[in-house]
Amino acid sequence: MQIEKEKVVSVTYNLSVDGFDGESVEQVDKERPLTFLYGVGNMLEKFEENLNGYKPGDNFEFMIKSEDAYGQASEEAVVDLPINIFEIEGKIDWDLLKVGNYIPMQDQQGNKLDGIVLEVGEEQVKMDFNHPLAGDDLYFKGEVVDVREATDEEKNQGHASTSQQQN
C-alpha cells in the first residue's frame, strides 16, 4: 500500500539542519515511529508532498527550505511581557523564569505558544515565540515503516489513533 490521502503513515527519520549528514536535531526510530494521518494538514505540507507515493520499506531523503517549513525568524515574535503575568497565587516561580527555559503559554485568542525565556528583568521578561527551527532548512533522511487504511473514526477525528498504531 502506498502513501496517499487519508492513509495512516508511520515513518522513522533523522532531522538535521546543516545538511543530510550534519548534526541531528531530532531522531525518530522504529521503537516509536512518527505516525500520522496523511493529507489532512497535521504535518508540514512539504513533508507530506515529499512522502507521497512511498511504500513500506522505502527509504527517503529530502530537504525542505525554511520558507516552506517554519519560516524565517521574526523580530516581532520577540516580545517583552510584564513579569506579573508569571505570578501564580501572587508568587513568581523563579525556577520557571530562567534564561533558556521553554514556557507553554497562550495568546489572547487562546492559541497555544511555546516561548523561550531570553532575559528576566525586574519588571519584564523578554520571550522569543519563534519556532525553534525558524530560519533553518530541514534535512530529512528516513524510512517508511507502515502504511495502512485509516479507520472511519480516524478520518472523522482528523488524526491517527494511538490504539490503531502498528509496529
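So, a few notes on the structure that sits alongside this text.

Quick notes on the rules
- Residues numbered from 1 in each chain as written.
- Predicted model: local features only at pLDDT ≥ 70, side-chain atom pairs only at ≥ 80, totals over all residues.
- Heavy atoms only, no water.
- Helix = DSSP H or I, 4+ residues; strand = E, 2+ residues; numbered from the N terminus.
- Rg over C-alpha atoms; globule rule 2.2 N^0.38 Å.
- Phe/Tyr/Trp six-rings, centres within 6.5 Å; stacked < 30°, edge-to-face > 60°.
- Buried < 20%, exposed > 50% of the residue type's maximum accessible area, 1.4 Å probe, protein only.
- Pairing = 2+ DSSP bridges.
- Axes fitted to C-alpha atoms, helices over the stretch in contact; angles between N-to-C directions.

1. Details of the overall build of the chain
Inference 1: Assigned secondary structure in the chain consists of two helices and 11 strands.
Inference 2: Mapped in sequence order, the helices and strands of the chain form the string β-β-β-α-β-β-β-β-β-β-β-β-α.
Inference 3: The globule rule puts the C-alpha radius of gyration for 167 residues at 15 Å, and the 19 Å found for the chain is more than 25% above it.
Inference 4: With the C-alpha coordinates of the chain rotated into their principal frame, the extents come out at 60 × 35 × 25 Å.

2. Focus: the packing of aromatic side chains
Inference 1: In total, this model carries nine aromatic pairs according to the counting rule given.
Inference 2: Taken together, a centroid distance of 5.8 Å and an interplanar angle of 65 degrees make the contact between F47 and F62 edge-to-face. Here F47, found in helix α1 (residues 45-51), pairs with F62, found in strand β4 (residues 59-64); they are 15 residues apart in sequence, far enough to count as distant.
Inference 3: The class for F47 is buried, based on a relative accessible area of 3%.

3. Details of the sheet that holds strand β5 (residues 78-82)
Inference 1: Spatially, β5-β10-β9-β8 is the arrangement adopted by the four strands of the open sheet, whose pairing is antiparallel. For this open sheet the edge positions go to β5 and β8 (102-106), each flanked by a neighbour on one side alone. If you compare each strand with its neighbour and ignore which way they point, the axes differ by 45 degrees on average.
Inference 2: Across four bridges, strand β9 (residues 112-120) lies against strand β10 (residues 124-128) in antiparallel orientation.

4. Let's talk about the pairing of strand β1 (residues 7-16)
Inference 1: Across the 10 residues of β1, 10 count as buried, placing the element largely inside the fold.
Inference 2: Where β1 lies against strand β11 (residues 138-149), 10 bridges are found, and the strand directions are antiparallel. The residue bridging T12 from the neighbouring strand is E143, located in β11.
Inference 3: Relative to strand β3 (residues 34-37), β1 runs antiparallel, the two sharing four bridges. Its bridge partner being in β3, V11 is matched across the sheet by L34.

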